Amino acid sequence: MPAILVLGETRDTGLHPFTLEALTLARSLGAEKSMDVALSVVADDAGSLPAQAGEYGAKTLHLLKGISSYSEKSVVTGLKNLLSSGEFPYVISGTTARSKEIMPQLAVIMDAHLITEVMSVAVEGAGLEVKRPLFTGKVIQTLAVNADKVLLSLKPKQIEASAAGGSAAAVETHDVTVSDPASVLQDILKEAAGKIDLQSAEVIVSGGRGMGGPDNWHLIEAFADAMGAAKGASRAVVDAGWRPHSEQVGQTGKIVSPKLYFAVGISGAIQHLVGMQNSKYIVAINKDAEAPIFKKADYGLVGDALTILPKLTEAVSASKNGA
Amino acid sequence: MKIAVCIKHVPDTTIQPRIKDDKSGVDLSSINKFAISPYDEYGLTEAVALAGKHSGEVTVLTVGNDKAQESLRKALAMGAQHAIHIKTGEATDLPGLTTAKLLAEQLKAGEFDLIFFGMKAVDDELAMVGPAVAALLERPVVDSIHGLDVADDAKSAVAKRETADGTEAITVRFPAVLTTNKGLNTPKPPSLPAIMKAKKVSITAVDAAIGELPITVKSVDLPPERGDVQMLSTDGDEAVGQLVDALKKDVKVL
């Protein structure tokens, strides 16, 4: 029986938020195509995964065991065996550092096309209609897909994850033994615990040159903490060495789609705008009333970020404490 | 050491693409400024540096129309020795697997120790051709590297790349495929003598055989317009109050 395979990942003890998005899409596609949903995850222990997978509509959880240290070769080998049954005409994933290495290789194994940065999927007759961005979202492309097999990797935060309340998924364990893989994870320099990553964040607070200097960043940090937000930065301050490239939002940094984006002391050059214009709500705080950022914002505040931020942080904390 | 670099000839990133009247695609004829896709330049710069250090040679490849030759010439001027042009004629928006197969076909015989790709092209942002080629050639791949430390014997390397959880160090044995991200190095524009010398290099041209594709472009559109901005009070305290109100009532995050 053909089924839809979701290539999933874990985060902490549960499923990655992007895996939940992929399961949600798989479930709706599965309903239209009369196909069940299966989930594959690299893990040695099922833990609470079967329950959560089932909640989001997966019937089967395929556990790839024995990969002690991440290796794309090991993961691909494990999935190759799973795919060889020919059971899965559709493979869906989120977009992560892992999926970017794995999904294209699965496309080669299946000899099927992979469509990346998928924003929406609709069933059109025997095929699919898929929307994805071009030129960093300056243009949206609608593709007609008429193939028996296709792989889709989802642009983060376009599909809203929702649970269906199903019973726990049945677990199938697969031992993956690849001795001495040609590429292997040697070391991880983990960021500070509790740090929210830009691409799954609901709220982002980004700072630009209007912050005056790196020494003022504690104001951004305090506000981000108060909002429970991830921290971003403009290219200008990254190039100036005030902030690390991992925080850069924009054409040559990260493309983000949070519910709420604060652009603080950021003028709004097109290269930055393309990185955040997908945000549901944009708040701009800038000294210059003519700054282009105000054209993209939903709420504009003309003022000095250095005076506004502390007041805003206090007001938000007070509000959260029930004031 | 033999190194290959796959590049793409793309519109300059500052342009606002215009949509054709029939919405069938982007009007590329209206664009007159093209360049090597920026992420590819990190791979090219790294390849040239490695070739210099290990007495090697760099071959640059591209899949594209006749105009793509411009980017091959620039890559030669930036230090590559050989160039292969896989010509696609008028075909555009090729799916990643199709491009990967065309490249793998040319790369197979080359016995390259390393093949570099940009981690994505800035026009279609497929972000998949490098890893697909790795699978076709049965080689390991490390995606989106911003650091690379090649061993003295040039048979392996430790690559650094970023994930949502932090920075990873991946050990990889050659022959391998690497896709490159910002931070790997600083590409430099070629010198005029290098540009002149590059004009004399003979580029190998092959015609791409692209059959019928199951994926076609139905239409392109501009993204939905955002609403107008609500400018808040010029009095800081008042504005902060208004904003918190909006965050509570409209945005509903508080």
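Refer to the structure above for everything that follows.
Fair warning: this is a prediction, and the values are worked out from it, not measured in the lab.

Reading guide: rules and limits
Residues numbered from 1 in each chain as written. Chains lettered and ligands numbered in written order. Predicted model: local features only at pLDDT ≥ 70, side-chain atom pairs only at ≥ 80, totals over all residues. Heavy atoms only, no water. Helix = DSSP H or I, 4+ residues; strand = E, 2+ residues; numbered from the N terminus. Buried < 20%, exposed > 50% of the residue type's maximum accessible area, 1.4 Å probe, protein only. Contact = heavy atoms within 4.5 Å. Areas by Shrake-Rupley, 256 points an atom, 1.4 Å probe, with all protein chains shown as cover. Lys, Arg positive; Asp, Glu negative; His and termini not counted. Charge placed at Lys NZ, Arg CZ, Asp CG, Glu CD. Core = buried A, V, L, I, M, F, W, Y, C linked by side-chain atoms within 4.5 Å. Salt bridge = Lys/Arg side-chain N within 4 Å of Asp/Glu carboxyl O.

Novice: Would you mind showing me how to read the overall build of chain B here?
Specialist: Summing up its helical and strand segments, chain B has six helices and 13 strands in all. When the backbone C-alpha atoms are referred to their principal axes, chain B occupies close to 65 × 45 × 40 Å. For chain B, the proportion of its 254 residues judged to be buried stands at 52%. The contacts of chain B with a sequence gap of at least 6 include a subset with a gap of at least 24, amounting to 70%. Only carbon and sulfur atoms are counted for the fraction: they give 49% of the accessible area of chain B, which is about 11,700 Å². Both charge centroids of chain B, one from 29 positive and one from 36 negative side chains, sit 5 Å from each other.

Novice: Is there a simple way to explain unusual backbone geometry in this structure?
Specialist: It is generally the case that most residues other than glycine have a negative phi and that most peptide bonds are trans. Cis geometry marks the peptide bond from B:F174 to B:P175; its omega dihedral reads 0 degrees. Structurally, B:P175 can be placed in the loop between strand 9 (166-173) and strand 10 (176-180). Here the phi dihedral of A:F135 falls at roughly 50 degrees; this positive angle occurs in a residue that is not glycine. If you trace the backbone, A:F135 turns up in the loop between strand 9 (127-134) and strand 10 (139-145). Here the phi dihedral of B:A127 falls at roughly 55 degrees; this positive angle occurs in a residue that is not glycine. Mapped onto the elements of the fold, B:A127 is located in the loop between strand 6 (114-118) and helix 4 (129-136).

Novice: Would you mind showing me how to read the nonpolar core here?
Specialist: Proteins that are soluble and globular tend to have nonpolar side chains buried together. One finds A:L106, A:L151, B:I3, B:L114, B:F116 and B:L148 to be the most contacted residues of the largest nonpolar core, which totals 66 residues. Beyond its immediate sequence surroundings of up to four residues, B:F116 is in contact with B:I3, B:A4, B:V5, B:C6, B:G43, B:E46, B:A47, B:L50, B:L148, B:L178 and B:T180. In terms of nonpolar packing, the next biggest core, distinct from the first, is built from 36 residues, A:M211, A:I285, B:V240 and B:V251 among them.

Novice: What's the story with the pattern of salt bridges in this structure? I'm lost.
Specialist: Side-chain pairs of opposite charge can arise whenever the charged atoms involved come near each other. Scanning the entire structure with this criterion turns up 29 salt bridges over all chains. Of the charged contacts in the structure, one is a salt bridge between B:D124 and B:K8, with a shortest N-O distance of 2.9 Å. Pair noted here: B:D124 is in the loop between strand 6 and helix 4 and B:K8 is in the loop between strand 1 (2-7) and strand 2 (9-11), with a separation of 116 residues, a long-range link. Overall, B:K8 belongs to the partly exposed group, its relative accessible area being 23%. Among the ionic pairs, B:K120 bridges to B:E125, the shortest N-O distance being 3.1 Å. Comparing B:K120 with B:E125 shows no difference in burial state: the two are buried. Linked through salt bridges whose partners overlap, the residues forming this network are A:R98, A:E101, B:R161 and B:E168.

Spatial relationships are all this shows, so hold off on functional conclusions.
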